[in-house]
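# Coordinates in review
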Amino acid sequence: MPHYHISFQTPLSGYLQIKAMFTQIAAAEISLQLPAWRPGRYELQHFAQKLQEITVAAPDGSTLPCRKETKDRWRVETNGQQTIEVRYNFYARQMDAGGSWLAPDFLYVNPVNCLLTVVGQEQEPCTLSVDLPAHWQIACGLPQPEPHTLQAKDFDLLVDSPFIASATLQHQVYEEQGIPFHVWFQGDCTPDWEQIIPHFRAFTREQLALFETFPVPDYHFLNILLPYPHYHGVEHLNSTVITLGPAEQLMAPGLYKELLGVSCHELFHTWNIKQIRPKEMLPYDFTRENYFRTGYVAEGVTTYYGDYLLARSGVFTAEQYFQELDTVLKRHTVDQGEQHLSVADSSFDTWLDGYKPGIPDRKVSIYHKGCIAALVLDLEIRRATQNTRSLDEVMRRMWQEFGQKGMGYSEEDYQRLAEQAAGVSLERYFQEMIFGTASFEKWLAPALAYVGCQLEKLPSGQVHESLYGFRLNATTPAATTVTYVAPDSPAAQVLSVDDELIALNGRKLENGNLPHLLTGKAEVEITLFRQKHLQTVTLAPDGQLHLPQYRVSKLPSATPEQQTNFNRWLNQKF
């Protein structure tokens with residue numbers, strides 16, 4: 001049975017000391033493997049770059065030959081030893097929901113970042129002990145047979161079980177259908193449990209009703225509240241890590257809304273991706289890319305339900321839900337990548353650049369375009385069945401036919417179940433919204449009309465965006481560096497990304513005065529620096545609306561039938 005031990009001597013250094021004991025070794029040579037990526041983020045992250053000074057020893061303390069074979073695999077000559085001990089240091093200084101962090105007052109570890117395994121022993125039961133002060137507590141989804149000791153049935157479960165250890169954890173438990181849901185907070189925050197627990201109960205109950213059964217016997221929300229603005233969440237088998245900030249604003253409307261949204265999203269992942277998994281990821285191969293094209297299901301559908309179920313359960317008002325939809329639309333339309341790469345192909349390319357802005361107008365986000373596509377599909381199914389079925393039916397059957405049976409699904413499976421739920425062909429929807437590059441407006445506007453809502457296309461709040469089609473660095477009101485130029489806009493002919501604008505019609509740009517200088521103007525002369533060279537260009541509007549904003553709202557003239565459809569969809573009065 002592999003056993004891991006984590007300790008730390010100098011917390012401010014960021015270094016953890018890790019020992020791994022492996023037994024029942026029969027081969028003359030073995031391979032030690034460190035994961036190259038983690039579930040929930042589909043890109044190679046090369047955790048091996050954070051390991052320091054690996055040594056391998058026999059029980060008598062003698063050193064065994066060890067040489068590196070790949071970026072994250074080592075070959076060890078056992079010299080006939082059946083038991084070996086591997087020692088190394090790991091730099092735990094990545095504070096987000098997928099990293100690990102060592103501080104004097106708490107320890108946070110994602111084991112997938114830092115634990116090696118012997119190739120061939122991945123299915124063996126394993127334990128992890130942590131050298132901690134006696135009064136510290138561990139928050140984790142794994143059982144703790146002894147104080148500060150975690151137990152897992154295999155390596156995959158161990159590395160999919162992050163933990164927080166400290167003396168200051170705050171903890172409450174609620175139950176739904178006899179299942180305990182643990183809510184943990186670490187950080188300088190004051191949770192209002194009387195507000196939090198009823199809201200968590202509401203969206204948990206809604207999800208359990210949708211899927212009917214829960215995949216795991218318990219669940220843990222592991223929240224780390226930070227002293228600065230932050231937002232991130234990562235799903236695990238029976239837990240999630242959520243990092244938010246600023247901590248003192250936990251119960252303020254803005255941050256509390258984020259807590260609810262990410263918590264509902266991550267709980268939905270307990271079914272969708274942790275159990276309902278693409279066939280290409282069953283099982284995970286942590287040594288290389290696991291290419292898959294169904295990110296619009298794994299992340300897009302989850303993003304949709306993460307906010308939608310908060311409205312359906314009564315936690316969000318319809319207006320609050322529409323605000324979240326507007327944010328998704330804003331992020332989706334940050335450029336025109338939708339015209340060039342489908343959401344299915346963008347899913348494949350998460351392993352290339354899916355989590356980086358990338359070059360302009362190349363791709364879409366599986367979260368944002370996937371969310372819009374899921375909303376459209378939900379409403380299309382409701383329209384085709386007069387509200388007797390919905391996307392709920394599709395996801396429930398995905399759970400029953402694939403997740404519960406431990407089978408991976410394909411793109412064809414998802415389309416088949418969607419069409420069976422709708423009772424009609426959805427080929428055009430899939431070819432245009434999922435596998436094609438049709439504009440989201442083409443599908444979203446009529447879908448919203450079915451439930452008495454409209455997609456409004458409005459001018460941007462910035463005159464230079466609407467008239468000329470370029471954006472400026474938004475970090476400060478006075479920023480004048482071009483960050484995006486819309487194709488086929490007036491700006492596309494004369495401006496480039498990174499141009500530094502310095503004057504308009506001879507007047508220096510300063511103190512955020514650009515909107516005022518544009519008032520009443522049409523054709524303008526802009527002076528700028530491009531690659532340190534001074535230039536002057538002329539911009540004239542073309543009569544088109546560029547870089548618009550989108551807003552979802554109720555139709556003032558909604559018919560009684562549309563209002564009924566709205567109620568059946570959102571479980572709220574129109």
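These lines cover the structure that appears in this document, whether it is placed above or below. These numbers come from a predicted model, not from an experiment. Along each chain, numbering runs from 1 in the same order as the chain's sequence is written. Restriction of local features to residues with pLDDT of at least 70 applies here, the model being predicted, together with a cutoff of 80 or more for giving and counting side-chain atom pairs; totals for whole chains, interfaces and linings are based on all residues. Excluding hydrogens and water, the side-chain values take into account all heavy atoms of the structure.

### Regarding the nonpolar core
A general feature of soluble globular proteins is that nonpolar side chains tend to end up buried together. This is how the line gets drawn: Residues belong to a common nonpolar core when they are buried Ala, Val, Leu, Ile, Met, Phe, Trp, Tyr or Cys residues joined through side-chain atoms within 4.5 Å. Exposure classes here rest on a 1.4 Å probe applied to the protein chains alone. A residue is buried below 20% of its type maximum, exposed above 50%, and partly exposed in between. In this analysis, two residues are considered to be in contact whenever any of their non-hydrogen atoms come within 4.5 Å of each other.
In this structure, Tyr 304, Tyr 305, Leu 391, Tyr 414 and Trp 569 are the most contacted members of the largest nonpolar core, which totals 95 residues. Residues within four places of Trp 569 in sequence aside, it is in contact with Tyr 304, Tyr 308, Arg 312, Tyr 321, Phe 322, Leu 375, Asp 378, Leu 379, Arg 382 and Val 451.

### Brief notes about the environment of Tyr 367
To be explicit about the condition: Numbering of helices and strands runs from the N terminus; a helix is a DSSP stretch of H or I covering at least four residues, while a strand is a stretch of E covering at least two.
Counting through the fold element by element, Tyr 367 comes out in the loop between α7 (350–353) and α8 (368–384). A relative accessible area of 23% places Tyr 367 in the partly exposed class. In this structure the C-alpha to C-alpha distance between Tyr 367 and Leu 310, which are 57 residues apart in sequence, comes to 17 Å. Beyond its immediate stretch of four places on either side in the chain, Tyr 367 contacts Gly 40, Glu 299, Gly 300, Thr 303 and Tyr 355.

### Observations regarding the side chain of Thr 333
Keep this limit in mind: Here a polar contact is taken to be a pair of N or O atoms separated by no more than 3.5 Å, where protein atoms must pair a possible hydrogen donor with a possible acceptor and residues adjacent in sequence count only if both atoms sit in side chains.
In this structure, Thr 333 sits in the loop between α5 (318–332) and α6 (343–348). Within the local environment of Thr 333, its side chain forms a polar contact with the backbone oxygen of Lys 330, the two atoms lying 3.4 Å apart. With near-sequence residues (within four places) excluded, Thr 333 lies in contact with Phe 440, Arg 471 and Tyr 550.

### Focus: empty space enclosed by the protein
Empty space among the atoms can be located by rolling a probe the size of a water molecule over them. Applied cut-off: Every definition here rests on a 1 Å grid over the protein atoms only: cavities are sets of points where a 1.4 Å probe fits but cannot get out, pockets are open sets enclosed by protein on both sides within 12 Å along at least five of seven lines, and lining residues have some atom within 4 Å of a point. Grid points are joined across faces, edges and corners, and a volume is the space filled by probe spheres set on the points. For this classification, the nonpolar set comprises Ala, Val, Leu, Ile, Met, Phe, Trp, Tyr, Cys and Pro, the charged set comprises Asp, Glu, Lys and Arg, and every other residue, Gly included, is treated as polar.
This structure, assessed with the given rule, holds three cavities of 30 Å³ or more. Volume-wise, the largest cavity comes out at about 60 Å³. Taken together, the residues of the lining of the largest cavity sort by class into four nonpolar, four polar and four charged. By volume, the second largest cavity amounts to about 40 Å³. Contributing to the lining of the second largest cavity are Leu 325, Val 328, Leu 329, Cys 371, Ile 372, Leu 375, Leu 444 and Val 552. Of all the secondary-structure elements, those providing two or more residues to the lining of the second largest cavity are α5 and α8. Considering only residue class, the lining of the second largest cavity consists of eight nonpolar, no polar and no charged.

### Examining helix α12 (residues 440–450)
Under the convention used in this document: To be clear, the arc concerns the directions from the helix axis to the C-beta atoms.
Taken as a whole, α12 has its buried residues at Phe 440, Trp 443, Leu 444, Ala 447, Leu 448 and Tyr 450. Along the axis of α12, the buried residues cluster in a sector spanning 140°; they form a single face. In this structure, the buried residues of α12 make contact with α5, α8, α11 (427–434), β20 (453–458), β27 (549–554) and α15 (560–570). The opening residue of α12 is Ser 439, an N-cap whose side-chain oxygen sits 3.2 Å from the backbone nitrogen of Glu 441.

### Quick look at the pattern of salt bridges
Put simply, the rule reads: Salt bridges are counted wherever a side-chain nitrogen of Lys or Arg sits within 4 Å of a carboxyl oxygen of Asp or Glu.
Enumeration according to the criterion identifies 36 salt bridges in this entry. Its salt-bridge partner being Asp 413, residue Arg 416 comes within 3.5 Å of it at the nearest N-O pair. Here Arg 416 and its partner Asp 413 are both found in helix α10 (residues 411–422), three residues apart, which amounts to about one turn of the helix. What makes Asp 413 buried here is its relative accessible area of 17%. Between Lys 442 and Glu 432 there is a salt bridge; the shortest N-O distance is 3.0 Å.

### Considerations on the layout of surface pockets
Of the pockets and cavities examined, the second largest pocket occupies roughly 650 Å³. Surrounding the second largest pocket, 30 residues form its lining, Asp 156, Arg 277, Pro 283, Tyr 284 and Phe 286 being those nearest its centre. Ranked by residues supplied to the lining of the second largest pocket, first place goes to helix α1 (residues 155–159) with four residues. In the lining of the second largest pocket, the residues fall into 14 nonpolar, seven polar and nine charged.

### Topic: the side chain of His 148
Within the secondary structure layout, His 148 lies in the loop between β12 (137–140) and β13 (149–152). Under the relative-accessibility criterion, His 148 is labelled buried at 13%. Polar side-chain contacts of His 148 include one of 2.8 Å to the backbone oxygen of Trp 136.

### Overview of the sheet that holds strand β10 (residues 117–118)
How we decide: Strands qualify as paired when DSSP identifies two bridges or more between them.
A sheet is described by the order of its strands in space; here four strands give the open sequence β5-β6-β3-β10, paired in antiparallel fashion. In the strand order of this sheet, the two ends are held by β5 (66–70) and β10, each with one partner. When strand β3 (residues 29–33) meets strand β6 (residues 73–77), the two strands line up antiparallel, connected through five bridges. Its bridge partner being in β6, Ser 31 is matched across the sheet by Arg 75.

### Regarding the sheet that holds strand β24 (residues 507–508)
The pairing of strands in a sheet happens through backbone hydrogen bonds and is either parallel or antiparallel. Strand order in the open sheet made by the four strands is β24-β23-β25-β26, with antiparallel pairing throughout. Taken across any chain shown, the strands that pair with only one partner, and hence form the sheet edges, are β24 and β26 (533–539). Here strand β23 (residues 500–504) pairs with β24 via two bridges, running antiparallel. Following the sheet pairing, Leu 504 is matched in β24 by Arg 507.

### A few points about the packing of aromatic side chains
Worth spelling out the cut-off: Pairing of aromatic rings covers Phe, Tyr and Trp, the last through its six-membered ring, and needs centres within 6.5 Å; plane angles under 30 degrees mean stacked, over 60 mean edge-to-face, and all others mean tilted.
On inspection of all chains with the given rule, the structure shows 41 aromatic pairs. Measuring from ring centre to ring centre gives 6.3 Å for Phe 214 and Tyr 219, while their planes differ by 70°; the resulting arrangement is edge-to-face. Accessibility classification places Phe 214 together with Tyr 219 in one group, the buried group. Their ring planes at 65° and their centres at 6.4 Å tell us that Phe 402 and Tyr 409 sit as a pair that is edge-to-face. The same class applies to Phe 402 and to Tyr 409, which are both buried.

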